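Chain and residue survey
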Amino acid sequence: MDLPPLVQAFVLHFGEMGSRWGINRTVGQIYAVLFASPRPLCADDLVERLGVSRSNVSMGLKELQAWNLVRLKHMPGDRRDFFTAPDDVWTIVRTLVEERKKREIDPTLTVLRELLMQAPASDDERHAQARMREMHELIELLTSWYAEMQRLETERLVQLLTLGAKVVKVLEMKDRLFVMPGGRSKRDGKEV
């Protein structure tokens, strides 16, 4: 690798993590180089920095483009394609989450909906369908929450994330504030 030591350590780690995230090592390394680079890079730059074949770089760039994680740039006077990662790390995270949702969550919801619409033919199928319904409800809840988070401005999302466990205190206070006559909370009808 033809990279400064600090960048090389980052790139090597990203490559190792890539396999845990469902991408190959080279794709992870390509992304790390683009992420850390102060300027757009062409495929030749990536080949030189990583010491991998041009075909590996080309396939890796295509995969990163399919995930919407790199941007194609054209430089004046140069016919080559240049690539860069988005500058905003929050844009990268939002894109990753959206792409994973499209590839993993949405197909699962589709299958669950189809299976829940079928009439069970036995007690085992009724039991399985009840479990699937629980899973479907949980995934739908998480998907709805995700959609709400996607609509938040980055600054608000950061505020929400930094609240951490303080959110529980806010919910407890809400429960105390919204008490129905007779000492029952509106949330669950239990005595307060």
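The sections below set out a description of the structure shown in this document.

Thresholds applied
- Residues numbered from 1 in each chain as written.
- Predicted model: local features only at pLDDT ≥ 70, side-chain atom pairs only at ≥ 80, totals over all residues.
- Heavy atoms only, no water.
- Helix = DSSP H or I, 4+ residues; strand = E, 2+ residues; numbered from the N terminus.
- Rg over C-alpha atoms; globule rule 2.2 N^0.38 Å.
- Buried < 20%, exposed > 50% of the residue type's maximum accessible area, 1.4 Å probe, protein only.
- Contact = heavy atoms within 4.5 Å.
- Areas by Shrake-Rupley, 256 points an atom, 1.4 Å probe, with all protein chains shown as cover.
- Pairing = 2+ DSSP bridges.

Some words on the overall build of the protein chain
- Regarding its fold elements, the protein chain presents eight helices and five strands.
- The C-alpha radius of gyration computed for the protein chain amounts to 24 Å, which surpasses the reference 16 Å derived for 192 residues by more than 25%, pointing to a less compact arrangement than a globule.
- Once the C-alpha set of the protein chain is aligned to its principal axes, its extents read approximately 75 × 50 × 30 Å.
- Within the protein chain, the proportion of its 192 residues that are buried is 29%.
- Partitioning the intrachain contacts of the protein chain with sequence separation of at least 6 by distance along the chain shows that 46% fall at a separation of at least 24.
- Entry remark: accessible area of the protein chain is about 13200 Å², with carbon and sulfur atoms responsible for 58%.

A look at the pairing of strand 2 (residues 71-74)
- Direction of pairing for strand 2 relative to strand 3 (residues 81-84): antiparallel, over a ladder of four bridges. Each residue of the ladder has a partner; that of leucine 72, found in strand 3, is phenylalanine 83.
- With antiparallel pairing between neighbouring strands as the criterion, strand 2 and strand 3 make up a hairpin whose turn holds six residues, including glycine 77 at a positive phi of roughly 80°.

A closer look at the environment of aspartate 2
- Tracing the chain through its elements places aspartate 2 in the segment before helix 1 (5-20).
- You can call aspartate 2 partly exposed: its relative accessible area is 48%.
- Put simply, aspartate 2 and leucine 46 are 44 residues apart on the chain and 9.6 Å apart in space, counted from C-alpha to C-alpha.
- Ignoring any residue separated from it by four or fewer positions in sequence, one finds aspartate 2 in contact with Glu48 and Arg49.

In short, geometric facts, not functional conclusions.
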